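Listed below are the residues making up each chain.
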Amino acid sequence: MTNSPWTWVSDQTLPSSIEAGHQFIREVLARLEAAHWTSQDIFGVHLALEEAVVNAIKHGNRLDCRKQVSISCKLSADTFWISIADEGQGFDPNAVPDCTDDEHIQLPHGRGLLLMRCYMTRVDYNDRGNTVTLEKHRKPL
Amino acid sequence: MAAHRRLDVSEVGDVTVVRFRDRRILDETSIQELGQELFQLIEEYGRKKLLLNFSSVEFLSSAALGKLITLDKKVKAHTGKLKLTNIRAEILEVFHITKLHKLFDIRDDEADALASF
């Protein structure tokens, strides 16, 4: 008998297709809904996952069908945690320009990282920059 | 005007009012199609006053925001005006986080937006 707080734990390997990514995101959102997370929290997780998962598939693995995205995620009564690793070269998140600067605000891309940081409680990258770990603590009811 | 796959388009006076058929704007293919249909209104049909009504939209990704920014540039290049209305609170927050509320003219509702052209 364990005392694990996690009510759902999943390790998955996704092919590098956007549809596979969206299918996975839909599964996570259904878990959050079933656990009665608020629509506001679910919106935030949805936005962050959309950015993180699509980034891994599209920019990390460059939609290469020979490459995969490795995902570990878990859900407790008040926390959602996920690690997403691609097979790409990685990137330096600190080198991403601030998209809210007047100089960059008209660029059509580069907002994903900001949105993840705003909507999740914690966002960490590994040194290589090809694995992102996200954590969200739900708002108290 | 050709039929649209992603948009419902109507004319109110000289303003072109656009509503989105997708509740969630996140799929790359849909965003591409949606962008092409919006750009067509400006570049092919010469519409100068564009009002985007987001009342049916529940979610949009940053890729969709990027498409709106490109649309805004095209509208300005054609000396037109672009206004956004009926954006639900959760999505409006995204515009504020990204500071895009400073770039776009966002109005509460369609009547307010129509009166402001």
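Refer to the structure presented above.
The text that follows walks through the structure, step by step, so that each part is easy to find. As the structure is a computational prediction, the values presented were derived from the model and not from experiment. (Residues numbered from 1 in each chain as written. Chains lettered and ligands numbered in written order. Predicted model: local features only at pLDDT ≥ 70, side-chain atom pairs only at ≥ 80, totals over all residues. Heavy atoms only, no water.)

With respect to empty space enclosed by the protein
Residues and elements named next belong to chain B.
Link 1 in the chain: Counted under the stated rule, the structure contains one cavity of 30 Å³ or more.
Link 2 in the chain: Of the volumes computed, that of the largest cavity is approximately 50 Å³.
Link 3 in the chain: In terms of lining residues, the largest cavity is bounded by Phe20, Ile25, Leu34, Leu38, Phe54, Leu60, Ala64, Lys67 and Leu68.
Link 4 in the chain: Taken together, the elements giving at least two residues each to the lining of the largest cavity come down to α1 (28-43) and α2 (62-77).
Link 5 in the chain: Top contributing element to the lining of the largest cavity by residue count: α2, with three residues. (1 Å grid on protein atoms, 1.4 Å probe; cavity = no way out; pocket = protein on both sides within 12 Å on 5 of 7 lines; lining within 4 Å. Points joined across faces, edges and corners; volume = space filled by probe spheres on them. Helix = DSSP H or I, 4+ residues; strand = E, 2+ residues; numbered from the N terminus.)

With respect to the environment of B:Lys74
All names here are of chain B.
Link 1 in the chain: Mapped onto the elements, Lys74 comes out in helix α2.
Link 2 in the chain: Expressed as a C-alpha distance, the spacing of Lys74 and Lys99, which sit 25 residues apart in the sequence, is 20 Å.
Link 3 in the chain: Those residues in contact with Lys74 that sit more than four places away from it in its chain are Phe39, Ile42 and Glu43.
Link 4 in the chain: At 2.9 Å, the side chain of Lys74 and the side chain of Glu43 are in polar contact. (Contact = heavy atoms within 4.5 Å. Polar contact = N/O pair within 3.5 Å; in protein donor to acceptor, adjacent residues only side chain to side chain.)

Here we look at the packing of aromatic side chains
All names here are of chain A.
Link 1 in the chain: All told, the structure shown has five aromatic pairs over all chains when counted by the stated rule.
Link 2 in the chain: Here Phe43 and Tyr119 contribute two aromatic rings whose centre-to-centre distance is 6.1 Å and whose plane-to-plane angle is 65°, an arrangement assigned as edge-to-face. One end of the pair, Phe43, is in helix α2 (residues 39-60); the other, Tyr119, is in helix α3 (residues 112-119), with 76 residues separating them in the sequence. Each of the two residues, Phe43 as well as Tyr119, counts as buried.
Link 3 in the chain: Considering the side-chain rings of Phe91 and Tyr125, the 5.1 Å spacing of their centres and the 85° angle between planes classify their relative orientation as edge-to-face. (Phe/Tyr/Trp six-rings, centres within 6.5 Å; stacked < 30°, edge-to-face > 60°. Buried < 20%, exposed > 50% of the residue type's maximum accessible area, 1.4 Å probe, protein only.)

Digging into the interface of chain B and chain A
Link 1 in the chain: Opposite the 24 residues of chain B that make contact, chain A presents 22 residues.
Link 2 in the chain: Interface of chain B and chain A: buried area, both sides summed, is about 2000 Å²; carbon and sulfur atoms make up 64% of it.
Link 3 in the chain: Sorting the residues of chain B by area buried against chain A places B:Phe59, B:Glu90 and B:Ile97 first, and these three jointly supply 26% of that buried surface.
Link 4 in the chain: Counting the contacts that link chain B with chain A gives two salt bridges.
Link 5 in the chain: With a closest N to O distance of 3.0 Å, A:Lys58 and B:Glu28 form a salt bridge.
Link 6 in the chain: Viewed at the interface, chain A and chain B are joined by three residue pairs in polar contact (both at pLDDT 80 or more).
Link 7 in the chain: Among the secondary structure elements, those contributing two or more residues to the side of chain B that touches chain A are β5 (59-60), α2 and α3 (89-97) of chain B.
Link 8 in the chain: Residue contributions to the side of chain B that touches chain A peak at six residues, all from α2(B).
Link 9 in the chain: Its residues assigned to classes, the side of chain B that touches chain A comprises ten nonpolar, five polar and nine charged. (Buried area = accessible area lost by both parts, 1.4 Å probe. Salt bridge = Lys/Arg side-chain N within 4 Å of Asp/Glu carboxyl O. Nonpolar A, V, L, I, M, F, W, Y, C, P; charged D, E, K, R; others polar.)

Structural notes on the environment of A:Leu29
Residue and element names in this part refer to chain A.
Link 1 in the chain: The topology assignment puts Leu29 in helix α1 (residues 18-34).
Link 2 in the chain: It is 8.9 Å that separates the C-alpha atoms of Leu29 and Phe43, two residues lying 14 residues apart in sequence.
Link 3 in the chain: Setting aside chain neighbours within four positions, we find Leu29 in contact with Ile42 and His46.

Points about the pattern of salt bridges
All names here are of chain A.
Link 1 in the chain: This model, assessed by the stated rule, comprises 21 salt bridges over all chains.
Link 2 in the chain: Across the salt bridge formed by Glu135 and Arg122, the nearest N and O atoms sit 3.4 Å from each other. Note that Glu135 is positioned in strand β5 (residues 131-137) and Arg122 in strand β4 (residues 122-125), a separation of 13 residues in sequence.
Link 3 in the chain: Here Arg122 falls in the partly exposed class, since its relative accessible area comes to 33%.

In short, geometric facts, not functional conclusions.
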